[in-house]
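# Architecture and fold: a report
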Amino acid sequence: MNIREITKDVLYVGVNDRNTDRFEGLWPLPFGVSYNSYIIKGAEKTALIDTVEIGTVRDYIHFVNSETDNKAPDYLVVNHMEPDHSGGIPVVLANYPAIKIVGNRQTISMVKGFYHVDDSRFIEVKDGDVLDLGGKTLKFYMTPMVHWPETMMTYVVEDGILFSGDAFGTFGALNGGVTDTEMETGWYWDEMYRYYTNIVGKYGKFVQKALEKTAGLEIKYICSTHGPVWHDEIGKVVAIYDRLSRYESEPGVTIIYGSMYGNTAEVAEEIGRQLAARGVKNIKIHNASKSNLSYMIADAFRYEGLIVGSPTYSMHIFPPVEQFMIAMETREIKNKVLATFGSFTWASAASGKLKEYAEKMKLEVVDSLDMKQSADETVYEAASRLAENVAAALKCK
Ligand SMILES: Cc1cc2nc3c(=O)[nH]c(=O)nc-3n(C[C@H](O)[C@H](O)[C@H](O)COP(=O)(O)O)c2cc1C
Ligand SMILES: [Fe+2]
Ligand SMILES: [Fe+2]
C-alpha cells in the first residue's frame, strides 16, 4: 500500500505546518495549515505540481525522492508563485538539475525575480496548452488573480483531476487523512470561510471567471494547495466558493464595535438584544480590540447584516474599527444591510467617517446613531429603531 496515493498515478507529497502562528504574518492558524504538492506519474515523464513553503522543504524533498525512487521528476508545474508554494523552487532546482519549470509568461518572470533562475530551465505554456507525460495529459487553464496575476490551474484529462492552486483551499493542517473520504471534514468549513474571506476575498470576480472556465470539466478530484483533497465534497466546496465569490450572504447579523470605556459597547449589546427580540438568530458581536480581524472579516462576509460602531478617537474612527473598515473596503464587500453607530464627547467624527467608508463602498446605510457621552432613553430608542430598520431590511430570513 502506498500511503501517498490519491489515485494510482497521482501522489500527495505536501507537508503540514503546525508552527507558524500567522499566515502571511496576519491570519491566525489555530489548526495549522498544509502546503500541498503532488506528483503525477505518466508512462514516460513525471511532473511535480507546485512546491511548499521553504521552512517545510526538508520533508518535502524526502517525500519526492521516495515516491520517484530517486529518479528526478522531469517537470515542475508552477500553478502559483506565492512563496507558501514557490519557496521550495530553488531546492527542487538544485536537487534535480535537469528538471524544467512549466509556467506561463508571468510565472517565469516571477521565478526569475524571486529565485534568479536562468532561461534554460523554463517551458512556457499558454491557456489551453497541453503537456503529455505518456498516458497523462496535463491541460493548463489560466485563472489570473486567484489570487495572484500568474495563477493557473492544471487538469489531468484522463483522470479528471483538477490542481486548482489556492482556489477551494482552506486553513487547517491535515491530520493523517489527505482526501475528504479519509476524514471527518466538519471542522474545516469554518476554516474555509476564513481562508476564502481573508486571502481570496478581494478577487470574487476572478474566482467567478475561473469557475466558469472549469465548469465544463468532469472533475473527480480537486487538489488545491491548502487543506484536504476534495472528492466526496466537491459539490459543497464549489458551492461555498461560488457563493462567497458572488458576495452572497446567509441569514444573520455581525456587529463590530470598539470601545475604550464601555459606552459604545453598551449600545452594541443593546442593538444585539433588540435584533434577537426581532427574531434574528445568528448574531455575532465582536469587540474589535479583542477579536482577531480574521474572524471579523469572515463573519462580515458570511452574514447579511453588518452593524459597525466606533467612538471618536482624536477626530478619527477608533483604530481597530478603522482597520476592519479598511479590510471591508479592500475586499470590495457588497450586498450588505449596513448600519453604523458612533460616540463622542466633544466633537463627533467617527460616525461621519464610518458613513464615508460606506459611500466609498457604495453601500447604503439603513440607519445610524450618534451618541454624546453616554446612553440615555433617547439613545436606547435610537438603538431600538436601528435594530428595527436592520431587521426589516434583511432579505435572508
Ligand atoms: C484618546 C482619546 C481620544 C478621543 N478623541 C475624541 C475626539 O476627537 N472627539 C470627541 O468628541 N471625543 C473624543 N474622545 C472621547 C470619546 O470618543 C468618547 O468619550 C466616547 O464616548 C468613548 O466611548 P467608549 O466609552 O465606548 O470608549 C476621545 C477619547 C480618548 C480616550
Ligand atoms: Fe496564494
Ligand atoms: Fe497559498
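Everything numeric in this text was worked out from a predicted model, so none of it was measured.

Cut-offs applied
- Residues numbered from 1 in each chain as written.
- Chains lettered and ligands numbered in written order.
- Predicted model: local features only at pLDDT ≥ 70, side-chain atom pairs only at ≥ 80, totals over all residues.
- Heavy atoms only, no water.
- Donors = N, O, S within 2.8 Å, 3.2 Å for Na, K, Ca; no water.
- Tetrahedral: all angles 85-135°; square planar, octahedral: opposite > 155°, others 65-115°.
- Helix = DSSP H or I, 4+ residues; strand = E, 2+ residues; numbered from the N terminus.
- Buried < 20%, exposed > 50% of the residue type's maximum accessible area, 1.4 Å probe, protein only.
- Near = heavy atom within 4 Å.
- Polar contact = N/O pair within 3.5 Å; in protein donor to acceptor, adjacent residues only side chain to side chain.
- Areas by Shrake-Rupley, 256 points an atom, 1.4 Å probe, with all protein chains shown as cover.
- Pairing = 2+ DSSP bridges.
- Right-handed = clockwise from strand over helix to strand, strands pointing away.

At the metal site, the iron ion (ligand 3) is ligated by Asp84 (OD), His85 (NE2), Asp166 (OD) and His226 (NE2), and these contacts range over 2.1 to 2.4 Å. One can describe the site at the iron ion (ligand 3) as irregular: its four donor atoms subtend angles covering 83 to 169 degrees at the metal. Here the donor residues of the iron ion (ligand 3) are spaced in sequence according to D-H-x80-D-x59-H. The metal-metal distance between the iron ion (ligand 3) and the iron ion (ligand 2) is 3.4 Å, with aspartate 166 serving as a donor to both. A residue pair is termed long-range when its members are at least 10 positions apart, and aspartate 84 in helix α2 (residues 83–86) and histidine 226 in the loop between β16 (221–224) and α7 (234–245) qualify at 142 residues. Owing to a relative accessible area of 0%, histidine 226 belongs among the buried residues under this scheme.

Surveying the vicinity of ligand 1 reveals 17 residues, the closest of which are Ser259, Met260, Thr264, Thr312 and Ala347. Within the side chain of asparagine 263, one N or O atom sits 2.9 Å away from an oxygen atom of ligand 1. Alanine 347 is positioned such that a nitrogen or oxygen atom in its backbone is 2.7 Å from an oxygen atom of ligand 1. In the complex, the protein chains occlude 85% of the 640 Å² of accessible area that ligand 1 would expose alone. Mapped onto the shell around ligand 1, the elements with two or more residues apiece are α8 (263–277), β19 (303–313) and β21 (337–344). It is β19 that contributes the most residues to the shell around ligand 1, three residues altogether.

Another aspect to go through is the pairing of strand β10 (residues 100–103). In terms of strand pairing, strand β9 (residues 75–77) meets β10 through three bridges, oriented parallel. Across the sheet, the residue bridging to valine 77 is valine 102, located in β10. Here β10 runs beside strand β11 (residues 122–124); their pairing, made up of three bridges, is parallel. Bridging across to β11, valine 102 finds its partner in isoleucine 123. With respect to chirality, the unit in which β10 leads through helix α4 (residues 105–115) into the neighbouring parallel β11 is right-handed.

Honestly, that's just the spatial picture; any functional story needs more than this.
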